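# Observations on the model geometry
Single-letter residue listing:
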Amino acid sequence: MKLILIITTAALGLASAFAHAHSFKLGEIDIGHPHARPTVAGQPMGGGYLMLDNKGRDDKLVSASAAISASVELHSMSMEGDVMRMRQVDTIALPTGTKVELKPGGYHLMFVGLKAPLKAGDKFPMKLKFEKAGEVEVTVNVEVPKAGGDATVEHKH
């Protein structure tokens, strides 16, 4: 009986991990775990995150779009002295053989003009456009940040 309980618990843990880990591929670019944070009613913007792993030639992420918002902007965040600066960028470079993580405190996506709040557990399609590799549609999972994870950085514009 103990063995069945252990196996069941392990299987549920694995199922949970796979539910959160999802990836896509466009040519030689692997796109890992596109996700966004939940928002509250009236919040006009939300943040989006993912991992880009370029195993091919130099490329650039040039745009993103999703029907859940009026636009999707590419942003960077950096510290200048004691001040955190957020700026829209035209592209995000993906040099050959590099991984670029879009995450709080660095590069990220901003869903501007949200049409409705993003709710934990929801999913939505988003199109990513690369300079050389072309376009791909990915599924974005809306997830609550894990405790102790990236929850320490808030997006305030």
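A short tour of the structure in this document, coming up. Residue numbers restart at each chain and count upward from 1, following the sequence in its written direction. Since the coordinates come from a predicted model, pLDDT governs what is reported: local features require at least 70, and pairs of side-chain atoms require 80 or more to be given and counted, while whole-chain, interface and lining totals use all residues. With hydrogens and water excluded, all non-hydrogen atoms of the structure serve as input to the side-chain values.

## Overview of the overall build of the protein chain
Threshold: Counting from the N terminus, the helices are the DSSP runs of H or I reaching at least four residues and the strands are the DSSP runs of E reaching at least two. A simple rule labels every residue: compare its accessible area, found with a 1.4 Å probe on the protein chains alone, to the largest value its type can have, and call it buried under 20%, exposed over 50%, or partly exposed in between. Residues are treated as being in contact if the distance between any of their heavy atoms lies within 4.5 Å. For the area figures, the Shrake-Rupley method with a 1.4 Å probe applies, and any residue is considered shielded solely by the protein chains shown.
Scanning the protein chain for helices and strands turns up 1 helix and 11 strands. For the protein chain, the α and β elements follow one another from N to C terminus as α-β-β-β-β-β-β-β-β-β-β-β. When each of the 157 residues of the protein chain is scored for burial, the buried share is 35%. The contacts in the protein chain between residues at least 6 apart in sequence include a share of 67% that link residues at least 24 apart. For the protein chain, the exposed area adds up to about 9,200 Å²; of that, 58% sits on carbon and sulfur atoms.

## Things to note about unusual backbone geometry
Phi is positive for histidine 33, close to 45°, though the residue is something other than glycine. Checked against the element boundaries, histidine 33 lands in strand β2 (residues 29-36).

## A closer look at the pattern of salt bridges
Spelled out, the test is: A pair is scored as a salt bridge if a Lys or Arg side-chain nitrogen falls within 4 Å of a carboxyl oxygen belonging to Asp or Glu.
Under the defined criterion, the tally for this structure stands at 6 salt bridges. A salt bridge links aspartate 30 to lysine 55; its shortest N-O distance comes to 2.7 Å. On the criterion of sequence distance, the pair formed by aspartate 30 in strand β2 and lysine 55 in the loop between β3 (45-54) and β4 (59-65) is long-range, its members being 25 residues apart. Salt-bridge contacts for glutamate 80 lead to arginine 85; the nearest nitrogen and oxygen are separated by 3.3 Å. Taking the relative accessible area as the measure of exposure, glutamate 80 reaches 36% and is therefore partly exposed.

## Points about the nonpolar core
What counts here: Residues enter a nonpolar core if they are buried and are Ala, Val, Leu, Ile, Met, Phe, Trp, Tyr or Cys, with the set joined through side-chain atoms within 4.5 Å.
Of all hydrophobic cores here, the largest spans 28 residues; its most connected members are Ile31, Leu52, Phe111, Phe124, Met126, Leu128 and Phe130. Among all residues touching phenylalanine 124, those that are not within four sequence positions of it are Ala36, Ala66, Ile68, Phe111, Leu118, Val138, Thr139, Val140 and Val142.

Nothing here speaks to function; it is all geometry.
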